[in-house]
Amino acid sequence: MSGTLRTANVIRCKSDATGRTAEYPSDFRLRAVFTDARDISERIAQEARTYADDVQRTLTHLEELHRQKQSTHGATVTRMAESDEPFKNLFSANPPHLDKLVARRRLVMETLEDAVRNQSTRMRKVRKRLFKTAQQRSNEQREQQRLITDASVFIKHYKALIGA
């Protein structure tokens, strides 16, 4: 890198008696490259700061949500623990009633399952009967259409014989 700086210094020379230095095109190019690089690095640094701020805001928001979730979870666990004891007391005090309730519930569920199976069987039979009836009517309609077509053909032939 020091060689590059020396080269830039060597390219400059005294141009006139005023003491101003003349700059060659390579100096302009170097300055333009450095200026562009400086602008790009400033833009990238600004974008990085903006991105870091966004990340920080997102992390802060997530931490807040996590704290809320933990407090809600704690409250829920506390409520469940509070309601667990009365439920256990109720269950231990009335086991015969609960056993009867479970037995009745099982009986109702089995009855409903049987009703659903019977209904399913009946619906299947109704569908078969409906399909057969529809097929019979369709066949009857085709037969009637065939007879009508035959009758109209016979009438045309009869008219043709009479007219001849």
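Residues numbered from 1 in each chain as written. Predicted model: local features only at pLDDT ≥ 70, side-chain atom pairs only at ≥ 80, totals over all residues. Heavy atoms only, no water.

### Quick word on the overall build of the protein chain
Just so we agree on the cut-off: Each helix is a run of DSSP H or I of at least 4 residues and each strand a run of E of at least 2, with the numbering of both proceeding from the N terminus. Surface exposure here means Shrake-Rupley accessible area, sampled with a 1.4 Å probe, where a residue is shielded only by the protein chains that are shown.
Looking only at helices and strands, the protein chain has three helices and two strands in total. Of the roughly 15200 Å² of accessible surface on the protein chain, a fraction of 61% belongs to carbon and sulfur atoms.

### Looking at the pattern of salt bridges
Using the following cut-off: Note on definitions: salt bridges are taken to be side-chain nitrogens of Lys or Arg within 4 Å of carboxyl oxygens of Asp or Glu. Buried residues are those whose accessible area, probed at 1.4 Å on protein chains only, stays under 20% of the maximum for their type, while exposed residues exceed 50% and partly exposed ones sit between those limits.
Within this structure, the stated rule accounts for seven salt bridges. One salt bridge connects Arg-67 with Glu-64, and the closest N-O pair in it is separated by 2.9 Å. With Arg-67 and Glu-64 both in helix H2 (residues 25–93) and three residues apart, this pair spans about one turn of that helix. In this structure Arg-67 comes out as partly exposed when scored by relative accessible area, which is 46%. The closest approach of N and O atoms between Asp-150 and Arg-146, which form a salt bridge, is 3.2 Å. With Asp-150 and Arg-146 both in helix H3 (residues 95–163), this residue pair falls four residues apart, about one helical turn. Judged by relative accessible area, which is 30%, Asp-150 ranks as partly exposed. Beyond isolated ion pairs, a larger network of salt bridges with shared partners links Glu-63, Glu-64 and Arg-67.

### Observations regarding a positive patch on the surface
The following threshold applies: A residue counts toward a patch only above 30% relative accessible area and without a salt bridge, and it is joined to like-charged neighbours within 9 Å or, for Val, Leu, Ile, Met, Phe, Trp and Tyr, to nonpolar neighbours within 5 Å. Counted as positive: Lys and Arg. Counted as negative: Asp and Glu, with His and the chain ends omitted from the count. Charged groups are reduced to one reference atom each: NZ for lysine, CZ for arginine, CG for aspartic acid, CD for glutamic acid.
Together, Arg-124, Lys-125, Arg-127, Lys-128, Arg-129 and Lys-132 line one region of the surface with positive charge. On the secondary structure map, Lys-132 appears in helix H3.

### Some details on a nonpolar patch on the surface
Side chains of Tyr-51, Val-55, Leu-59, Leu-62 and Leu-65 sit close together on the surface and give an oily, nonpolar patch of about 470 Å² of accessible area. Turning to its location among the elements, Tyr-51 is positioned in helix H2.

### Re the confidence of the model for the protein chain
Note the following rule: Predictor confidence is given residue by residue as pLDDT, running from a minimum of 0 to a maximum of 100. Whether two residues touch is decided by their heavy atoms; if any such pair falls within 4.5 Å, the residues are in contact.
In this model, the protein chain carries a mean pLDDT of 80, and residues with pLDDT of at least 70 account for 84%. Counting contacts from residues 1–16, a segment whose pLDDT is below 50, to residues more than four positions away or on other chains yields 15 contacts.

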